[in-house]
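Understanding the architecture of this molecule
Spelled out, the chains give:
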Amino acid sequence: MAWRELGKKRIYMNFTRALTTTPFRHVTGSNFASVFAVQSVYASAGYVPDFINQSSHGVAGFGSETKECGIRCFHASSQVWARSDGTLGLKTPKRVKYVRRDGRNQPPVDAPYVRCNVTATKSNPDKIIEIFEGITLVELAKRTGKSVSSLQDILTNVGEKVESEFELLSMDIAELAAMEAGVNVKRLHSAEGAEILPRPAVVTVMGHVDHGKTSLLDTLRQTSVAAKEAGGITQHLGAFVVAMPSGASITFLDTPGHAAFSAMRARGAAVTDIVVLVVAADDGVMPQTLEAMSHAKAANVPIVVAINKCDKPGANPEKVKLQLATEGLLLEEMGGDVQVVEVSATEKIGLDNLEEALLLQADMMDLKARIDGPAQAYVVEARLDKGRGPLVTTIVKAGTLVCGQHVVVGSQWGRIRAIKDMAGKLTQRATPAMPVEIEGLRGLPMAGDDVIVVHSEERARMLSSGRQRKYEENRLRNKMIQAKPTTSDDSKEVPQRVEMPVIVKADVQGTVQAVTDALKTLNSAQVFVNVVHVGVGPISQSDVDLAQACGACIVGFNVKSPPTSLGQAATRASIKIILHRVIYHLLEDIGNLIIEKAPGTSETQVAGQAEVLNIFEVKGSKSKGPDVKIAGCRVVDGFVTRSATMRLLRSGEVVFEGLCTSLKREKQDVDTVKKGNECGLVINNWYDFQIGDVIQCLEQVVRKPKFIKSESGAVRIEC
């Protein structure tokens, strides 16, 4: 029984296991084993400490190795020896029947969820990475933040097999993989090993509306474009090449000056080398002049100032120079680097000086471009022709654009069927700084898109579909952001807001964007202008059907009048069609339509005012009712009506407001008493009139918003 108890305490088993090990038997020999065997027979629980002391001394006599082995014999901790100090009973422990725990069928304990640090692969639409020709898969993975295996899967899905992670990728394949990974790309083109030659300068003419920009260009190229423009103002972005008298050629971009065409001016500044800022000498610096300066500074483009209309009697060029210097433009006369030229487009004064200034600026910039290789071009304008299809006006930035190449323009693709210069002549190729018109695209791109040359039709289709998918995702995301309700204070009264759906059709893509942006500026707290559809070309039957389905009005800018049958169908469906050729006339008509559709805000105003001259009291009876006090008044301003609310003022303070229950003049009930007449009136639940009190007649009016037009041409709706 004692040995069983010792085994329970893990002492005997530890001794036996230690002695039977090979190293211990080898070191100690049979003497120690025999001693242990003799004493272990007579061992009991009471003699265990003495035996341990004796055995430890015996082991110590065999040297250091024996000491080490002796230490191995004792594995019991101090806590085990402490438990063994108690009285050891001789009874066997009771056998306990195993009972299954009920806790296994219990529901799990509620505990807070700890999220694992797992990196989620989410798209980042705001992230833009730079790609180049010959980028490796490893470098693309670093820039996109994705793993190499995930990019390999993406490339396999689009039909491209990449065996090694160090294999060189083309820019088209890299863009496809980046778009599938959810990031935007920026292409970097290298001119290493290509032929670099001088190119003509691209000059953009900017300035305020009606300051003579187009007239100045007409004088330079001996044409009359300004006379053909509707309203005498430029409403399109034009590009053409002008051969200067010195023999040099310059590519000019003519931008509109109206406030609604801000995006066109920004596109012109983005593609240009030099900006000619036209300022009228008799008008000075205007809002669009300042905006053109900001566009040029944002694009880091040098400015040449042309002060036009110097032949007019009220011209003051020195005042214009001072205004420009005040706005931060450092002129040469004041120690800066901005050239100033005084010209007159009508009298042809100072044109040679302007040409000299432009060529000098171009020589200082040392403009060169890559001639060979695939072309890089920029979309200036896009329009839809009935017989030729989508037509795109582009300026080649580098390389050579050749007829028959497959191109991707924005989210559209196609094969170039024909290339025409600005004179309308067919050409087979377009070199840098040359504005051309290309046809052959499958759809109409956006103004400002880049033209990319690809090797095959399959590659063009894949790149176009990827960009269309990316564009649609961005459009839906922006729509969801705009549709999110804004948190407002519940205590404030939210004004009623109605929606006015609009369909916009225009002649070119840039004008569509300009009209759409201008209509969005007319949004107010009462009317929301919702542009449900935009398009390039004339108004069609599908536009009328869409307008009838959503209750929209159709806005046509610079498009032909619809056929008679289409106009009659729109009239029967109560669809309003607004056609205009001048932008500010269009905005004015739309503004009046918004004001008509706006619900307005209800306000209380004073319609008239009467002064109490005397007080009359009429005794009541059971048949006539209670006593009544009548205020005898004279109307001193406006008029007083019986159905209105009356406000009683005493010493300038409001005492009471209540409904008028009776209004009489010369003992006859009347509805209205005008200024200068006397009357008697009774206010419901008020009997304390005093001579000298003032009674105001209040009426509820609905105030409509106002259409405000500034001097710069900008419009807005003020509620």
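Residues numbered from 1 in each chain as written. Predicted model: local features only at pLDDT ≥ 70, side-chain atom pairs only at ≥ 80, totals over all residues. Heavy atoms only, no water.

1. Overview of the side chain of Q361
Inspection of the secondary structure assignment puts Q361 in helix α14 (residues 351-365). Those residues in contact with Q361 that lie beyond four places of it in its chain are I274, P302 and Q339. (Helix = DSSP H or I, 4+ residues; strand = E, 2+ residues; numbered from the N terminus. Contact = heavy atoms within 4.5 Å.)

2. Here we look at the pattern of salt bridges
Where charged atoms from two side chains of opposite charge come close, those side chains can pair. Using the criterion set out here, one finds 21 salt bridges in the structure. Across the pair R199 and D273 runs a salt bridge, and its minimum N-O distance is 2.7 Å. Of the two residues, R199 sits in the loop between β5 (196-198) and β6 (202-207) while D273 sits in the loop between α11 (262-271) and β9 (274-280), which places them 74 residues apart along the sequence. Accessibility classification places R199 together with D273 in one group, the buried group. Measuring nitrogen to oxygen at the nearest pair gives 3.3 Å for the salt bridge that ties E439 to R417. Here E439 is found in strand β20 (residues 435-441), whereas its partner R417 is found in strand β17 (residues 412-421), with 22 residues between them in sequence. Judged by its relative accessible area of 10%, E439 is buried. Within the structure, one salt-bridge network assembled from shared partners comprises R383, D385, R388, R417, E437 and E439. (Salt bridge = Lys/Arg side-chain N within 4 Å of Asp/Glu carboxyl O. Buried < 20%, exposed > 50% of the residue type's maximum accessible area, 1.4 Å probe, protein only.)

3. Examining the sheet that holds strand β24 (residues 553-557)
One open sheet holds the 4 strands; their spatial order is β23-β22-β24-β25, and the pairing between them is parallel. Each edge of the open sheet carries a strand with a single partner, namely β23 (527-536) and β25 (577-580). Across the sheet, the mean angle from the axis of one strand to that of its neighbour is 25 degrees, orientation sign disregarded. The pairing of strand β22 (residues 498-506) with β23 spans 9 bridges and is classified as parallel. Along β23, the bridge assignment pairs V498 with V527. The strands that helix α19 (residues 583-597) touches are β22, β23, β24 and β25; relative to β25, the one it contacts most, it runs at about 155 degrees. (Pairing = 2+ DSSP bridges. Axes fitted to C-alpha atoms, helices over the stretch in contact; angles between N-to-C directions.)

4. Describing the packing of aromatic side chains
The tally for this structure, following the rule as stated, stands at 1 aromatic pair. Ring geometry for F656 against W686: centres 5.1 Å apart, planes inclined by 15 degrees, an arrangement best described as stacked. Of this pair, F656 sits in strand β29 (residues 653-665) while W686 sits in the loop between β32 (678-683) and β33 (694-703), placing them 30 residues apart in sequence. Overall, W686 belongs to the buried group, its relative accessible area being 15%. (Phe/Tyr/Trp six-rings, centres within 6.5 Å; stacked < 30°, edge-to-face > 60°.)

5. Here's the deal with the pairing of strand β26 (residues 601-618)
Side chains on a regular strand alternate between the two faces of the sheet. Bridge count for β26 against β33 is 10 bridges, and the pairing is antiparallel. Its bridge partner lying in β33, S602 is registered against V702. Note: β26 against strand β27 (residues 628-641), 10 bridges, orientation antiparallel. Within β27, the residue paired with V618 across the bridge is V628.

6. Thoughts on unusual backbone geometry
Phi angles above zero are rare outside glycine, and E666 is one such case at about 55 degrees. E666 gets classed as exposed once you look at its relative accessible area, which sits at 66%.

7. Points about the nonpolar core
Core analysis: the largest hydrophobic core is formed by 27 residues, its most contacted members being L137, L140, L151, L155 and L169. Contributing elements (two or more residues each) for this core: β1 (128-132), α7 (137-144), α8 (148-157), α9 (171-181), β21 (450-454) and α15 (457-483). Broken down by element, the residue count for this core peaks at 7 residues, all from α9. (Core = buried A, V, L, I, M, F, W, Y, C linked by side-chain atoms within 4.5 Å.)

8. Overview of α14
Taking 1.5 Å per residue as the helical rise, α14 with its 15 residues ought to reach 21 Å, and the 21 Å between its terminal C-alpha atoms agrees with that figure. Restricting attention to buried positions, one finds in α14 the residues L351, L354, E355, A357, L358, Q361 and A362. The arc enclosing the buried residues of α14, seen along the axis, measures out at 160 degrees, which places them on a common side. For α14, the exposed residues set more than 90 degrees away from the buried face come down to D352, E356, D363 and M364. Tucked inside the fold, the buried residues of α14 contact β6, α10 (213-221), β8 (249-254), β9, β10 (303-308) and β11 (339-342). (Expected span 1.5 Å × (residues − 1). Arc of directions from axis to C-beta.)

9. Things to note about the packing of α7 against α8
One way to put it is that α7 packs onto α8 with a least axis distance of 9 Å and a crossing angle of 105 degrees. The orientation of α7 with respect to α8, classified from their angle, is roughly perpendicular. Residues L137, L140, A141 and T144 of α7 pack against V148, L151, Q152 and L155 of α8. Residues belonging to the contact of α7 with α8 are distributed by class as follows: 6 nonpolar, 2 polar and no charged. (Parallel < 35°, antiparallel > 145°, perpendicular 65-115°, else oblique. Nonpolar A, V, L, I, M, F, W, Y, C, P; charged D, E, K, R; others polar.)

10. Quick look at the packing of α8 against α9
The description of two helices packed together rests on the angle between their axes and the distance between the axes. Packing of α8 against α9 leaves a shortest axis separation of 10 Å and a crossing angle of 110 degrees. The orientation of α8 relative to α9 falls into the category roughly perpendicular. Here the hand of the crossing between α8 and α9 comes out right-handed. Taking contact as the criterion, the partners of L151, I154 and L155 in α8 are, on α9, I173, A177, E180 and A181. Residue composition of the contact of α8 with α9, grouped by class: 6 nonpolar, no polar and 1 charged. (Left-handed = near helix turned anticlockwise from the far one by under 90°.)

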